[in-house]
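# Breakdown of the fold
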Amino acid sequence: MTVQNTGKTPSRKQRLQEKQRRQLAVVDTVDKAEVKLRKAEAELALAVAEAVQVFGDEHAASQGLDMPAETIRRFIDIAAAETAAAEDTAEQPQP
């Protein structure tokens, strides 16, 4: 805590500033965690898409990975979106 106790209570302004600082710190932490989550989900989606290729189809991958078919399809959709986004980025001319 940045407010030092010098014998008097912090002013209303100081209390509000400290509360806002803590709130912003929490929002920043959540934002960073969401970025990590999206990255991990994209990596998992690519791995699931590869598993579908290795197993031959969605049904076999579902059984082999012990994962519901709906989840397999969701990850395949995410992998397709990630691949398309990566291709779009690669095709744009660099300045």
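Please refer to the structure placed before this passage.
Residues numbered from 1 in each chain as written. Predicted model: local features only at pLDDT ≥ 70, side-chain atom pairs only at ≥ 80, totals over all residues. Heavy atoms only, no water.

So, about the overall build of the chain. Check the secondary structure of the chain and you find three helices and zero strands. Helices (α) and strands (β) of the chain occur, in sequence order from the N terminus, as α-α-α. When the 95 residues of the chain are sorted by exposure, 13% land in the buried category. For the chain, restricting intrachain contacts to residue pairs at least 6 apart in sequence, the fraction spanning at least 24 positions comes to 38%. Roughly 7900 Å² of accessible area belongs to the chain as shown, and the carbon and sulfur atoms make up 55% of that amount. (Helix = DSSP H or I, 4+ residues; strand = E, 2+ residues; numbered from the N terminus. Buried < 20%, exposed > 50% of the residue type's maximum accessible area, 1.4 Å probe, protein only. Contact = heavy atoms within 4.5 Å. Areas by Shrake-Rupley, 256 points an atom, 1.4 Å probe, with all protein chains shown as cover.)

Under the definition given, this model contains zero aromatic pairs. For R74, the ring lying beneath its charged end belongs to F75, and the centroid distance is 4.7 Å. (Phe/Tyr/Trp six-rings, centres within 6.5 Å; stacked < 30°, edge-to-face > 60°. Lys NZ or Arg CZ within 6 Å of the ring centre and 35° of its normal.)

With that out of the way, let us pick up the nonpolar core. Among the nonpolar cores identified, the biggest contains eight residues, and these are A45, V48, V52, A61, M67, I72, F75 and A79. Taken together, the elements giving at least two residues each to this core come down to α1 (12-55) and α3 (69-91). (Core = buried A, V, L, I, M, F, W, Y, C linked by side-chain atoms within 4.5 Å.)

Take the packing of α1 against α3 next. Where α1 contacts α3, the two axes come as close as 8 Å, and the packing angle between them is 110°. Here α3 runs roughly perpendicular to α1, going by the angle between their axes. Judged by residue contacts, E41, A42, L44, A45, L46, V48, A49 and V52 of α1 engage I72, R74, F75, I76, I78, A79, E82 and T83 from α3. The class makeup of the residues in the contact of α1 with α3 is twelve nonpolar, one polar and three charged. (Axes fitted to C-alpha atoms, helices over the stretch in contact; angles between N-to-C directions. Parallel < 35°, antiparallel > 145°, perpendicular 65-115°, else oblique. Nonpolar A, V, L, I, M, F, W, Y, C, P; charged D, E, K, R; others polar.)

It is the contact of α1 with helix α2 (residues 58-65), at a shortest axis distance of 8 Å, that shows an interaxial angle of 110°. By the angle between their axes, α1 is roughly perpendicular relative to α2. α2 is crossed by α1, and the crossing has right-handed handedness. Contact residues: A51, V52 and F55 in α1; E58, A60, A61, G64 and L65 in α2. Looking at the contact of α1 with α2 residue by residue, the classes come out as six nonpolar, one polar and one charged. (Left-handed = near helix turned anticlockwise from the far one by under 90°.)

Following the sequence through the fold, S62 ends up in helix α2. If we ignore the near neighbours within four places in the chain, the residues touching S62 are M67, P68, A69 and I72.

Turning next to α1. The end-to-end C-alpha distance of α1, which contains 44 residues, comes to 63 Å, matching closely the 64 Å that a straight helix rising 1.5 Å per residue would cover. Of the residues making up α1, those classed as buried are E18, A42, A45, V48, A51 and V52. Along its buried surface, α1 packs onto α2 and α3. Just past α1, the residue G56 takes up positive phi, approximately 110°. (Expected span 1.5 Å × (residues − 1).)

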